[in-house]
Amino acid sequence: MNDAQVPMFPMARAEGCPFDPAPELSGLAERVSRVRLWDGSTPWLVTRYADVRALLVDPRIGVDVAQPGFPHTNAVSKARDAQMKTLMQMDSPEHTAQRRLLTPEFTSKKIEALRPGIQRIVDELVDALLAGPKPVDLVAALALPVPSQVICELLGVPYADRDFFQEVARTLVMDESDPLRAMAASEELNAYLAELVVAKEAEPGEDLLSKLAVEQYRTGTMTRREIAVLGQLLLVAGHDTTASMIALGTVALLAHPEQCRAVRDSDDPALVANAVEELLRYLSITHTEARRVAREDLEIGGQTIRAGEGIIAVKGTANRDSAAFPDPDALDVRRKARHHVAFGHGAHHCLGHALARVELQVVYGTLYRRIPTLELAVPLEQLVFKQDAVFYGVRELPVTW
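The structure reproduced in this document is the subject of the present report. (Residues numbered from 1 in each chain as written. Predicted model: local features only at pLDDT ≥ 70, side-chain atom pairs only at ≥ 80, totals over all residues. Heavy atoms only, no water.)

### Observations concerning the environment of Thr103
Step number 1: Relative to the helices and strands, Thr103 is located in the loop between helix H3 (94-102) and helix H4 (108-112).
Step number 2: On the basis of relative accessible area, Thr103 is assigned to the partly exposed category, the value being 36%.
Step number 3: With 249 residues separating them along the chain, Thr103 and Gly352 place their C-alpha atoms 9.2 Å apart. (Helix = DSSP H or I, 4+ residues; strand = E, 2+ residues; numbered from the N terminus. Buried < 20%, exposed > 50% of the residue type's maximum accessible area, 1.4 Å probe, protein only.)

### Points about the environment of Val150
Step number 1: Secondary-structure assignment places Val150 in helix H7 (residues 145-155).
Step number 2: Overall, Val150 belongs to the buried group, its relative accessible area being 6%.
Step number 3: Excluding anything up to four places from it in sequence, Val150 contacts Ile118, Ile121, Leu355 and Glu359. (Contact = heavy atoms within 4.5 Å.)

### Thoughts on the sheet that holds strand E4 (residues 136-137)
Hydrogen bonding along the main chain pairs the strands of a sheet, whether they run parallel or antiparallel.
Step number 1: As summarised here, the arrangement of the three strands in space is E4-E10-E9, forming an open sheet in which the pairing is antiparallel. Each edge of the open sheet carries a strand with a single partner, namely E4 and strand E9 (375-376).
Step number 2: Of the pairings in the sheet, the one linking E4 to strand E10 (residues 398-400) comprises two bridges and is antiparallel in character. Bridge pairing in E10 links Asp137 to Pro398. (Pairing = 2+ DSSP bridges.)

### Considering the packing of aromatic side chains
Step number 1: This model, assessed by the stated rule, comprises five aromatic pairs.
Step number 2: Ring centres of Phe19 and Tyr282 lie 6.2 Å apart, and the angle between their planes is 35°; on these two criteria the pair is classed as tilted. Note that Phe19 is positioned in the segment before strand E1 (33-34) and Tyr282 in helix H13 (residues 269-283), a separation of 263 residues in sequence.
Step number 3: On the basis of an interplanar angle of 15° and a centroid distance of 5.8 Å, the ring pair of Phe385 and Tyr392 is categorised as stacked. Of the two residues examined, Phe385 and Tyr392, each falls in the buried class. (Phe/Tyr/Trp six-rings, centres within 6.5 Å; stacked < 30°, edge-to-face > 60°.)

Shown next, in the form of structure tokens:
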């Protein structure tokens, strides 16, 4: 393939097939090949399930964004990566040390204990839906409030400030074209969280920021900015990803009525949990994918990748690989799909996977049961999908019943 034939990345999903990976990826799904980014760089694209999993546990690759070959997907991403370093851009031992601070707060056992509170939040929001006017935007009425309230309670961020941090999050995850605007928004949120850390160090509560303020800031182990940067990652990723999955998962189920009926009519929590895994696999909402840089020469999928070259592991195509998932383009809520890579794999496997799973299980297990006639209030083709966002989804979701 010569330079003129190297396709641009990322690629938009087809308007007529909003749940599927970009159609241009289908021609790249059987090989490791080059793609071209906004800055003219040509990192390697890895698309097959086995290759993606092998790559993400390979010690010869890293996430150091300062390396010249690291594949920044746009100017904002590059600017923000230079501005601040989060858990996602750390290699060991730095990554291991910081993740160790957070892991006890996100264990399956600890997150499972949050389920009754999450159920209460969902029930209250559905009550308000049923008591209010129709049609309603499900993004604003349910999909966004559920994970926002949950992550606020977990971190200790006042939910009353949600308009502020949700607006900042929209700027940060919508592939904002102006790096200065995105960086300013990020710094504004950092300043807000840094002030919160100081307040919690003086009067700690039963939340994660209080714990970090007492155990890390008070002891001088971490600065308030370092805790704020960590808090920003958890706050933004902790609500936007799940909000996108709640809304997009609902669209997918309403577009597949037999699958929606299976979820709605089941009294088996295992089937609802299974449906969550299948929707995570089927939709694969992270558009920026898993970006890495080779620290040593390695071979993947029969292709030699040299040290210093960028690599993009595509979770969307990996999750549609027929070698791992028979009939992969079908949505089947009874499929055993937990081995998907929607949350990544290896050392950088999503820290909040257990929280996202419980939130989605509660929402999917409640919404369609309590509103069995839920339907789109506009034709599917009129929905506006977030093609330009870090996390794919719908901007609004008008529904009625």
